[in-house]
Amino acid sequence: MPNRQLILHEDRLLPPDPGLRAIARRLYDQVADLPIVSPHGHTDPRWFAEDAPFPDPAKLLIVPDHYLFRMLYSQGVPLETLGIRPKDGGAAETDPRAIFRTFAEHWYLFRGTPSRLWLNHVLHEVFDLRVRLGPDTADEIYDAIDAKLKTPAFRPRALFERFGIEAIATTESPLDPLDHHRAIRDSTWPGRVVTAYRPDPVVDPDFEGFADNVAKLGEITGEDTATWAGYLAALANRRAYFREVGGATSTDHGHPSTTTADLSPKVCQELLDRALSGSFAAHEAELFRGQMLTEMARMSLEDGLVMQLHPGSVRNHNPLLFQRFGRDMGADIPRATDYVAGLKPLLDRFGNEPGLTLILFTLDETAYSRELAPLAGHYPILKLGPAWWFYDSPEGMLRYRRQVTETAGFYNTVGFNDDTRAFLSIPARHDVARRVDCAYLAELVGDHRMDEDEAAEVAHDLAYRLVKQTYRLGV
Amino acid sequence: MPNRQLILHEDRLLPPDPGLRAIARRLYDQVADLPIVSPHGHTDPRWFAEDAPFPDPAKLLIVPDHYLFRMLYSQGVPLETLGIRPKDGGAAETDPRAIFRTFAEHWYLFRGTPSRLWLNHVLHEVFDLRVRLGPDTADEIYDAIDAKLKTPAFRPRALFERFGIEAIATTESPLDPLDHHRAIRDSTWPGRVVTAYRPDPVVDPDFEGFADNVAKLGEITGEDTATWAGYLAALANRRAYFREVGGATSTDHGHPSTTTADLSPKVCQELLDRALSGSFAAHEAELFRGQMLTEMARMSLEDGLVMQLHPGSVRNHNPLLFQRFGRDMGADIPRATDYVAGLKPLLDRFGNEPGLTLILFTLDETAYSRELAPLAGHYPILKLGPAWWFYDSPEGMLRYRRQVTETAGFYNTVGFNDDTRAFLSIPARHDVARRVDCAYLAELVGDHRMDEDEAAEVAHDLAYRLVKQTYRLGV
Amino acid sequence: MPNRQLILHEDRLLPPDPGLRAIARRLYDQVADLPIVSPHGHTDPRWFAEDAPFPDPAKLLIVPDHYLFRMLYSQGVPLETLGIRPKDGGAAETDPRAIFRTFAEHWYLFRGTPSRLWLNHVLHEVFDLRVRLGPDTADEIYDAIDAKLKTPAFRPRALFERFGIEAIATTESPLDPLDHHRAIRDSTWPGRVVTAYRPDPVVDPDFEGFADNVAKLGEITGEDTATWAGYLAALANRRAYFREVGGATSTDHGHPSTTTADLSPKVCQELLDRALSGSFAAHEAELFRGQMLTEMARMSLEDGLVMQLHPGSVRNHNPLLFQRFGRDMGADIPRATDYVAGLKPLLDRFGNEPGLTLILFTLDETAYSRELAPLAGHYPILKLGPAWWFYDSPEGMLRYRRQVTETAGFYNTVGFNDDTRAFLSIPARHDVARRVDCAYLAELVGDHRMDEDEAAEVAHDLAYRLVKQTYRLGV
C-alpha cells in the first residue's frame, strides 16, 4: 500500500445528496464548536489529578482499547503481540514500536468501522498528522506521536482544555476512596471532573470477590453489611460520599439483564445471606441484582442521583481468554434483552415519580422501537441513553434515531455519551454524534417533516442542552 | 418562539434526491385524490348517525388521543391538566382553552413524530390555518377551530364527504346493539359506514367483566352461553347480526399473543367453565383465547368475514395509571411476538383454505422479515396488514415495505388502515401512507428494480384496489 | 398489459444519487467481470458430468424453484398447475407451455422481489430476450428459450464456461457415492466442480430415515455405526472420501437451531442408542445434533474442511403440504435464533483454534448486530456467511452490511454464496451481490468514511479474494 494522504473531509458523515448536505452543514456549523459535556465514561481520574505525560503511543492508543485488539484477535493475532500480558506472567511484547507496527499492518481490518473514524480523527486533529496509517507509515507516525506526547501541550489537563470539555464523569466503585477526585478539587485547576457511582462490585453476587467487597464496604462505612439494613445504609453512605467528594450526579448499573424486583425485607435478608455465603443459584443472584436496582431507584429518589442501566452483555463469553487474560478482553457479547417484563417491578413502584430519572441503554437494537421508545414515551422516569458500545457508530446512531424518534420524540433522549476510556478520542466521538444527528435532522428537513429552524434547536439540544439538564450537570 | 408560517410542503415525505422525487411525484399524483377506503378504525358511529357538531377543539383533537397525551405525560405533565378525569371523580381541567394551551406549550415534544404530521395536516387542510402551533399562537388557533366547528361544513357527515371517504369501518363488541349503524342505514344519507366484529370482551377471560359479558351475550341471543355449543352459537348469531345490521365484512382480534389452539369440545367446555368461574390460571386464559381464534377462523370460512389479528400489546402496563384512569391511557407496551409456533394450530387446520383470509399485524418489527413475510409468502389464507400503531409513521412504513416486499411481494399486503378514532386525521393518515408508498416505489424505479409503469399500477393497488378487494368492500 | 421492452439497466441497483452512482459505477466496473467462485450451492453434478441438454423452459426455470411456486401458492394457485406432482401420484399439469403460461400470468406478483431481478437477468443476458414477461408474451418467450435449450451453446458445460465460473461446489450427503464428481474428474473437461459434505441425513435423528441412513453409512464404510466410536469413524471416513474423490473443501450443516454440546463418550453412546431406536424426545435429538456439530468441528480441525452452519429454519411448517408433496415446497419458515448460548459449548472448546473456520449464516436478521458481528469480531474461528435465503436480495444485503460491518469489519465476512439450484441464475445472483456491495461501499466513500482506493480493494476482496481464501479454494 503506497503512502497516501490522511484526509478528514469537512463534510464527512453528512448526507451525500447535495441538498441534504447543505442543510446538514448549516445545522452542524451551529453545534460543531459547542463545549463537550461527557456525562458517562471511563477515563482515569489520575490523569487529571497528576497531569503526568501519557506514556508511549502504543500504551496510550492501542493496548487499553478492546475495540481495537478484539478485531486483530478475531483475525488470529495473539493478544500478546499487542502488549497484553497473560495473568500468569507469561511473555508479551514490550516494545511499543513493535506493537504499533503490528497494529498498523492490520489497520485495513477496521475499514468501515467507527474505530477507524475515531483514530483518524485523533491522528489528524490531535496530532496534526497528514499521512494515512499503514505498514509503511507506522514508524513515521509512531515517532511523531511519541515526540508530541513528551510536550506540555499533550498532558491531560492541556488536552482537556484544548478539547473544550465543560464537564466529564469518570466511573468508580463504591469502594474507591476517590483520592484523585479529591486531589483535582483541591487543586487550582478549574477543570470539572466528577465521578459516577457504579456499585456492581458490591451489588452483584456474581462479581469476582463479592463477599469480600461487601465486607470492605462495611469497614469503610462502619455499617454491619451482613444485615440488610446495614448493607443499604452503607450503600447510601457511599452515595453521599460520592456526591460530596466526587461531585457525582449519577449512578451506573451494568447488569446482565433488566430484571428488577420489589421484595420484602425478610426475603432480601435471606438473599443477602445466600449471596454473602457464596453458595447461591443463578436465579438468586439475578433476583438480588434486580432488588438492588429497585433499592437504587429508591435512594435516587431521595438523593437526586440520576440512574443509568446498561444491561444485556454476556461478559467474558470466552472462558479460555478470561482465564488467561482476565476481564474486558473483547469477549463480551450482547444478548436479547427484555425491558417490558424485566423493569415492571421497579416501574410499578417508582415509574410515575416526577423526581426520578432512569436512563436506559441497550445492546439489543430490536428493543428500540418495540419496547424502549414506547416505554420512554410513556413513563415519566424513563429516558433513553444514546446508541451504546457496538452501536456508537454512524449506522448505529442512525438506526437509533430512526427507530426511536417517531414514538419517543427527541426529548425523551439524553444527548450523547462517549462512554470511553480512550481520552484522546473524546472529541472524535462527540463530533461523530453531532454530525450523525445533524444528518438525521437534515433528512427530516429535506422531506419536510420538520422546519429548519426547529431542527437547529433540536441539534443544539442534542449536542449540549439535554445532556446537561438530564444529568443535572447545569450550574 | 416567534410565530411562524405553517407550511405543508407539496413534496413532503417524498425522497429529497431530485431524481427520485420526480418519480415519486409522478406516482403520487396518480393516487393522491383516490377515494379513501378505511377498512379498520375506531371512529364513533354516533357521529354519523346524529351528525351533531363536534364539541370544542380540545375535546375533539386532544383529550381522546392517547398518542398525544402519552408524550406529555412522559415529560411530567399530569393527565388531569389535559382534561382527563380520574375514575374516582377527582378534579381535572375543564376549560378547553386551558387544555389547548398546555398542549401547545408542549407541541415541540412531537418534533419528528407522526402526530405532528397528522395534526399539521388537520390544521392546514381541514381548518385552513397558516400559522404554526405554539404557545404564542394557541389562542388564535383555538379560536379559529372553535368557530369552524360551529358551522355546518364541519359536521361529521359534511367532513366525511369532503374527505372523499368511500367506506369506513367502525369496531364494536358483539354486545353492541348497533343502533347507530341501524340509524345510518335507515337515514337517507348515502355514506357507507360499516361495523367490524371485535369479540375480545366475550372471548378473552382476562377482559374486565368477562363472565358478565358472556352472560349478557346469552341474553341477547337466547343461547345458553354456559355450554360450549351454546356459546359458539351465540357468537355465530352475533356475527350474522353484525353482517346484516352493521354491514360487517370483517372481524378483529386484539390478543396479547398469537397463541392459537385446536382442542376437543370436551376440553373447550372445561376451559369455558374455568373462564366463567373467574378462577383460572394465566395459561388457561391464553389457551382459551387461542381456541377462540381457531373457532373464529372456522366461522369466517362459513360466513366470509375477513379476520384481523392485532397481537402483542401488553395492555395497561402502568398499574397506578390504570387504577386511577382506566384503560387506553397510553401505557400499552409492545412485546416480542412469535408467529411461527403461535399460529401453527390454526394454520395446520385452515392454512390452505382458499376461502379464508387472515390479516396479521404486528408490534414486533423483527417479525416482518423473519416470520411474517415468509408466512404470508406461502400460506394462502395469510395477508399482512400495514405498519401498525407506533409504526403507522414514515420510518415505520418504510421499514415495513423494505423488510416485507422482497419475500412476500406487494400482493400479500392489504393496503392501508388508519385504525384511528381521530376522525379529522383520516385524510392526513391516508396521505402519509400514499406518499411513503410512492417514495418506496420511487426507490425501486430509481435503481431500476422496477419499471415505472409497473410502479404506477402498484401505487394504485396499494392506495385503493387491494384494500377493497381484501376486505371485501367492493360493490 | 401491453408488451413492453425488457430493460436491464446498466446502473441497476446502484444508488440513484448521481454522485454516489458515479462512485459505485467505478467500483463495480472493476469487479463486474471477475470470475465466479461459487463455494456453496445446490446445482446437480449430473449436469456437468453428462452435459446433456436441459429439458424444457418450465422444468428448467419454474418447477424446481420454490422461491417461485411459493409465491403463486400464497395467492391461491394450486401447486399441481405448476407441474408439481403429489406424492400419491395425483394429477399435475404436464404441458410445460401451460405451466409457463400460468407462471407468466402471475409474474406481477414478483414485483419488488429478487426473483424478478434474477429471472429478468436470465431472460436478458442468458437468452438474449428483449421483451418483458407477461401473459401476452409467455408463448413468445417460451418458444425462444425452448429453441435455445436445444443448441450446444446452452448445454451445462458451455454455460459454465460462458458464465466465467472458476469453481463451483455442490452439496451431497455422506451416503452419496459421488459418481458424478468422479466422472467429471475422469473427463477431460477442465471445469472445477467440487462437492461439500452435508451430513444432516446421518447426524439428525429427526431426518427421515435416520436409522436406515446410519446403517447404510456403516455398510459403505465397513464401520459398526451402532457404536459411538464406529459411527464417528464412519463419518471421518466419508469426509476423507469427499475430500479425495469430490475435492471437498467444506462441510455444511442445516440445523433447526444453533445448539451445540460437548458431552462424554458414554452419554454420546446413550444418545446414539436412543436416536437409532427411533424412540427419543425432542430435546435428545437436539442434544445429539448439537454434539455432532462439536464432533464435526473436531474433525475439521484435523482434516481442514471449512464448516458452514445454516440454522434456524422450521422445515415443512405446513403439514398438509408436506403430506401431499414432501419436502422443500416453500413452507420452510425462519424463527428466532440464539447464537450466544447455543454455540458456547463448541466455542468453549474450539473457539480459539487458529486452524479452524466456522462460517455462520442466519435467517434471523436481529442477530446480525446483536450477536453475529460481536462474535465474529472476537472469535478467531468465526466468520459470517453472506445474507442468506430470503435475504439474498438487495435490501437484505444492505441490511447485512449496515448491521455487520461496523462491528465485524469486512474481513470477518466471506464474500458471496449463491446457494442455489437454479444454475442459470448464478451470474445474476453474483451480479446482484457485486452491485449491492459496491453500492454500500459507495455510501462509505460518499460521506467520507472510506477513501475510494480502499473501497476498490474491498470490492475486489468481497467479489473474489475472500471467498477463495476462506473456502480454501485457492490453487
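Residues numbered from 1 in each chain as written. Chains lettered and ligands numbered in written order. Predicted model: local features only at pLDDT ≥ 70, side-chain atom pairs only at ≥ 80, totals over all residues.

Some points on the overall build of chain A
Under the convention used in this document: Numbering of helices and strands runs from the N terminus, with a helix taken as a DSSP run of H or I at least four residues long and a strand as a DSSP run of E at least two residues long. Only C-alpha atoms enter the radius of gyration, while the globule expectation follows 2.2 Å times N to the 0.38, with N the number of residues. Any residue whose C-beta has 12 or fewer other C-beta atoms within 10 Å is treated as exposed, any with 20 or more as buried, and any in between as partly exposed, C-beta atoms being built from the backbone. Throughout, a pair of residues is in contact if the C-beta atoms placed from their backbones lie within 7 Å.
Scanning chain A for helices and strands turns up 20 helices and 8 strands. In summary, chain A has a C-alpha radius of gyration of 23 Å against a globular reference of 23 Å for 475 residues, a match within 12%. For the C-alpha atoms alone, the extent of chain A along its principal axes is close to 70 × 60 × 45 Å. Out of the 475 residues belonging to chain A, those deemed buried represent 57%. Of the contacts made within chain A by residues no fewer than 6 positions apart, 76% connect residues no fewer than 24 positions apart.

As for the relation of the copies chain B and chain A
Selection rule: When the copies are superposed, the least-squares fit takes in the C-alpha atoms of residues with a pLDDT of at least 70 in both.
Note on the identical chains: chain B maps onto chain A by a rotation of 120° and an axial translation of 0.0 Å, with an RMSD of 0.0 Å. Considering both components of the superposition, the chain copies are consistent with a three-fold axis.

Quick word on the interface of chain A and chain C
The condition that has to hold: Each residue is assigned to one of three groups, with Ala, Val, Leu, Ile, Met, Phe, Trp, Tyr, Cys and Pro labelled nonpolar, Asp, Glu, Lys and Arg labelled charged, and all others, Gly among them, labelled polar.
Residue-level contacts link 41 residues of chain A with 36 residues of chain C. Put simply, the parts of the chain that give the side of chain A that touches chain C at least two residues each are α4 (66–74), α6 (114–126), α15 (319–325), β6 (333–334) and α18 (394–408) of chain A. Considering every element that reaches the side of chain A that touches chain C, the biggest residue donor is α4 of chain A, with 4 residues. Class assignment for the residues of the side of chain A that touches chain C results in 20 nonpolar, 12 polar and 9 charged.

Observations concerning helix α19 (residues 426–446) of chain A
All names here are of chain A. Which entries qualify depends on this criterion: Helix span is expected to be 1.5 Å times the residue number reduced by one.
The terminal C-alpha atoms of α19 lie 30 Å apart, and with 21 residues this matches the ideal 30 Å at 1.5 Å per residue to within 8%. For α19, the buried fraction is high: 21 of the 21 residues fall into the buried class. Just past α19, the residue His 448 takes up positive phi, approximately 65°.

Regarding the environment of Tyr 464 of chain A
Along the chain, the position of Tyr 464 of chain A falls in helix α20 (residues 452–470). Residues in contact with Tyr 464 of chain A, not counting those within four places in the same chain, are Leu 34, Pro 35 and Val 37 of chain A.

Some points on the domain arrangement of chain A
Residue and element names in this part refer to chain A. Operational definition: In this document the domain limits rely on a domain assignment from an automatic tool or a database.
You can read the domains of chain A as domain 1 (18–52 + 156–470) and domain 2 (54–154). For domain 1 versus domain 2, the separation of C-alpha centres amounts to 28 Å. Each side of the interface is counted separately: domain 1 has 20 residues, and domain 2 has 20 residues. Of all the elements in the fold, those that place two or more residues in the side of domain 1 that touches domain 2 are α8 (156–162), α15 and α19.

Considerations on the nonpolar core
Note the threshold: Defined on buried residues, the nonpolar core groups Ala, Val, Leu, Ile, Met, Phe, Trp, Tyr and Cys residues joined through C-beta atoms within 7 Å.
Within the largest apolar cluster, 429 residues are counted, with the highest numbers of intra-cluster contacts made by Leu 372 and Leu 441 of chain A, Leu 372 and Leu 441 of chain B together with Leu 372 and Leu 441 of chain C. Each residue touching Leu 441 of chain A, except ones within four places of it in the same chain, is listed here: Leu 27, Ala 455, Val 458 and Ala 459 of chain A.

Here's the deal with the pairing of strand β2 (residues 165–169) of chain B
Residues and elements named next belong to chain B. Spelled out, the test is: At least two DSSP bridges between two strands are required for those strands to pair.
Counting buried positions over the 5 residues of β2 gives 4, a clear majority of the element. The pairing of strand β1 (residues 36–38) with β2 spans 3 bridges and is parallel. Looking across to β2, one finds that Val 37 is bridged to Ala 167. As paired elements, β2 and strand β3 (residues 193–194) share 2 bridges and run parallel to each other. Bridge pairing in β3 places Ala 169 opposite Val 194.

Points about the packing of helix α1 (residues 18–31) of chain B against helix α20 (residues 452–470) of chain B
All names here are of chain B. As a reminder, the rule being used: In this analysis, axes come from line fits to C-alpha atoms, helices being fitted only over the stretch in contact, and the angle between any two N-to-C directions falls in the range 0 to 180 degrees. Note on terminology: angles under 35 degrees are roughly parallel, angles over 145 are roughly antiparallel, angles of 65 to 115 are roughly perpendicular, and the others are oblique. For a crossing to be left-handed, the near helix must be turned anticlockwise from the far one by less than a right angle; the clockwise case is right-handed.
Between α1 and α20, the least distance of the axes is 9 Å, while the angle of their chain directions is 40°. If you check the angle between α1 and α20, you find them oblique. Where α1 crosses over α20, the two elements pack in a sense that is right-handed. Residues Ile 23, Leu 27, Gln 30 and Val 31 of α1 touch α20, and the partners they reach there are Glu 452, Ala 455, Ala 456, Ala 459, His 460 and Ala 463.

A short note on the relation of the copies chain A and chain C
Here two copies of a chain appear, and what relates them is a rotation about an axis with a shift along it. Of the two same-sequence chains, chain A is brought onto chain C (RMSD 0.0 Å, axial shift 0.0 Å) by a rotation of 120°. When the interface residues of chain A are mapped onto chain C, a mere 5% of them again lie at the interface, so each copy presents a different face.

Considering unusual backbone geometry
Notably, Asp 128 of chain A is not glycine yet its phi reads approximately 60°, a positive angle. Within the secondary structure, Asp 128 of chain A is located in the loop between α6 and α7 (138–149). Even without a glycine there, the phi angle at Asp 51 of chain C is positive, about 55°. By the element assignment, Asp 51 of chain C lies in the loop between α2 (45–50) and α3 (57–61). Owing to 17 C-beta atoms within 10 Å, Asp 51 of chain C belongs among the partly exposed residues under this scheme.

Describing the sheet that holds strand β5 (residues 306–309) of chain C
Strands belonging to one sheet form pairs held by backbone hydrogen bonds; the direction of such a pair is parallel or antiparallel. Residues and elements named next belong to chain C. Strand order in the open sheet formed by 4 strands is β4-β5-β8-β9, and the pairing between neighbours is parallel. Two strands in the sheet have a free side with no partner beyond their single neighbour: β4 (250–253) and β9 (382–384). Direction aside, neighbouring strands of the sheet carry axes that sit 25° apart on average. Note: β4 against β5, 4 bridges, orientation parallel. Bridge assignment links His 253 to a residue of β5, and that residue is Leu 309. Packing of helix α14 (residues 282–303) onto the sheet brings it into contact with β4, β5 and β8 (358–360), and relative to β4 it is tilted by some 175°.

Description of the interface of chain B and chain A
Facing the 41 residues of chain B at the interface are 36 residues of chain A. Tallying contributions element by element places helix α4 (residues 66–74) of chain B first for the side of chain B that touches chain A, with 4 residues. Its residues placed into classes, the side of chain B that touches chain A shows 20 nonpolar, 12 polar and 9 charged.

Remarks on helix α5 (residues 96–105) of chain B
Residue and element names in this part refer to chain B. This is how the line gets drawn: Directions drawn from the helix axis to the C-beta atoms are what define this arc.
Along α5, the residues classified as buried are Pro 96, Ile 99, Phe 100, Thr 102 and Phe 103. Axial view of α5: buried residues confined to an arc of 160°, hence all on one face. Of the surrounding secondary structure, the elements contacted by the buried residues of α5 are α3 (57–61), α4 and α7 (138–149).

Some remarks on the sheet that holds β3 of chain B
As summarised here, the arrangement of the 3 strands in space is β1-β2-β3 (chain B), forming an open sheet in which the pairing is parallel. Strands with a single pairing partner mark the edges of an open sheet, and in this sheet they are β1 and β3 of chain B.

Brief notes about the confidence of the model for chain A
Interpretation of the predicted coordinates at a detailed level should be avoided for regions scoring low in pLDDT. Quick reminder of the rule: Summary of the metric used: pLDDT quantifies the predictor's per-residue confidence within the range 0 to 100.
Across chain A, the average pLDDT comes to 97, with 99% of residues at or above 70. With pTM at 0.98, the complex prediction returns an ipTM value of 0.97.

A look at the environment of Pro 345 of chain B
All names here are of chain B. Among the structural elements, Pro 345 can be located in helix α16 (residues 344–350). Accessibility expressed as a C-beta count within 10 Å gives 18 for Pro 345, which makes it partly exposed. Sequence spacing of Pro 345 and Val 194 is 151 residues, and the spatial spacing of their C-alpha atoms is 31 Å. Contact partners of Pro 345, with chain neighbours within four places excluded, come to Thr 260, Ala 261, Asp 262 and Thr 294.

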